[in-house]
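Reading the structure
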Protein chains: 2
Amino acid sequence: MKMSRDSIRGICDALEQAGIRPTHQRILIMKYLAEYRVHPTAEMIYSKLKEEIPTFSKTTVYNTLKLLDEKGLISALATDEDQVRYEANMTPHGHFKCIQCGALFDLDLACSLPPEKEVGGHLVLEYQVMAKGICRSCRGG
Amino acid sequence: MKMSRDSIRGICDALEQAGIRPTHQRILIMKYLAEYRVHPTAEMIYSKLKEEIPTFSKTTVYNTLKLLDEKGLISALATDEDQVRYEANMTPHGHFKCIQCGALFDLDLACSLPPEKEVGGHLVLEYQVMAKGICRSCRGG
DNA sequence: ATCATTGCAAACACTTTGCATACGC
DNA sequence: GCGTATGCAAAGTGTTTGCAATGAT
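Now for a look at the structure at hand. (Residues numbered from 1 in each chain as written. Chains lettered and ligands numbered in written order. Predicted model: local features only at pLDDT ≥ 70, side-chain atom pairs only at ≥ 80, totals over all residues. Heavy atoms only, no water.)

**Describing the protein's contact with DNA strand D**
Around DNA strand D sit 15 residues in total, of which Thr23, Thr55, Ser57 and Thr60 of chain A together with Tyr62 of chain B are the nearest. Backbone atoms, meaning sugar plus phosphate, form 80% of the atoms of DNA strand D positioned within 4 Å of the protein. One of the side-chain N or O atoms of Gln25 of chain A is found 3.2 Å from a sugar or linking oxygen in DNA strand D. Contacts to DNA strand D include Thr60 of chain A, whose side-chain N or O atom sits 2.9 Å from a phosphate oxygen. Mapped onto the surface near DNA strand D, the elements with two or more residues apiece are α2 (24–35) and α4 (58–70) of chain A together with α4 (58–70) of chain B. (Near = heavy atom within 4 Å. Polar contact = N/O pair within 3.5 Å; in protein donor to acceptor, adjacent residues only side chain to side chain. Helix = DSSP H or I, 4+ residues; strand = E, 2+ residues; numbered from the N terminus.)

In structure tokens, the structure reads:
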């Protein structure tokens, strides 16, 4: 994985602003999430970065993902899979999952997000939308 | 758990129509899901029904839930918890999760479901909506 | 008699934890 | 030097699987 000096600087800044020491491992994990927007699992991150840091451990992946999630730099995605998926895209958006190939895409929901802030007496702070269907490439596009 | 004879008959019918033999265990699990609409976990179902059938096993819970899900009689809910939650409500609806007490409610989405069947080139077959916030009782209502 | 269902125990997969080593300020 | 980060190994948790016993037709 090649890195531009600028994007590394941006990641370091973001980490420091969140009160997180920008270590080599943490930067690489953030970089991976920012660059490969496939909503990877901990395992995917681990096996990829293991190539660059031979001593890299899964513990560090889990530690770091948990930390970044708590600090609001990334978010964990609940899916019907057994593995948690992560993403660095923190702007409001939904997701589309292809029931055929399993790929997970970001979805722009500008026109379809429900506007209500209160439903059935409950105060709504956030909507998570997961659409399912057949993705563009599986349809043969 | 008390059972009306009518609801048992309805459950048996539904199971048979799905090609599932209506055994005692399966009926109880369906009945539990139909009656206690709290979106229980396998563990919750197990510990409750264990009271009625002392030999009841978790394997049967998992076997049955998987079978019922495959046959379309119940659905499994992906949440950010580590345990899967199940429900027998098969009409289109969303969910609301209280970030304070953890309770999970059904949500009527008639007015807020996005109408698009195609987004970004992907064919959408289903939308799952998970709202999060503070539930009515946690707000003090 | 045959085939499906149940249920115990063991296996599994993902994640977390305990603790010793190594690193950065 | 001291406190944090890392990483190995072990434990933990939810779920699945292998297989023998049981039950239904």
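**Describing the protein's contact with DNA strand C**
Not every one of the 15 residues close to DNA strand C is listed here, only the nearest: Tyr62 of chain A together with Thr23, Arg26, Thr55 and Ser57 of chain B. For DNA strand C, a phosphate oxygen lies 3.2 Å from a polar atom in the side chain of Gln83 of chain A. Arg26 of chain B places a polar side-chain atom, nitrogen or oxygen, 2.9 Å from a phosphate oxygen of DNA strand C. For the surface near DNA strand C, the secondary-structure elements that each account for two or more residues are α4 of chain A together with α2 (24–35) and α4 of chain B. Top contributing element to the surface near DNA strand C by residue count: α4 of chain B, with three residues. Looking at the surface near DNA strand C, its residues break down into three nonpolar, nine polar and three charged. (Nonpolar A, V, L, I, M, F, W, Y, C, P; charged D, E, K, R; others polar.)

**Describing the side chain of Thr41 of chain A**
Secondary-structure assignment places Thr41 of chain A in the loop between α2 and α3 (42–50). If near-sequence neighbours (up to four positions away) are discounted, Thr41 of chain A is found in contact with Gln83, Val84 and Arg85 of chain A. (Contact = heavy atoms within 4.5 Å.)

**Focus on α4 of chain A**
Residues and elements named next belong to chain A. In this model α4 runs 18 Å from its N-terminal to its C-terminal C-alpha over 13 residues, within 8% of the 18 Å that 1.5 Å per residue would give. Residues of α4 that are buried: Val61, Thr64, Leu65 and Leu68. Buried positions in α4, seen along its axis, are confined to an arc of 100° and lie on one side of it. Turned more than 90 degrees off the buried face of α4, the exposed positions are Thr59, Lys66 and Glu70. On its buried face, α4 is in contact with α1 (5–17), α2, α3 and β2 (85–87). Where α4 terminates, the next one or two residues include Gly72, which has phi positive at roughly 80°. (Expected span 1.5 Å × (residues − 1). Buried < 20%, exposed > 50% of the residue type's maximum accessible area, 1.4 Å probe, protein only. Arc of directions from axis to C-beta.)

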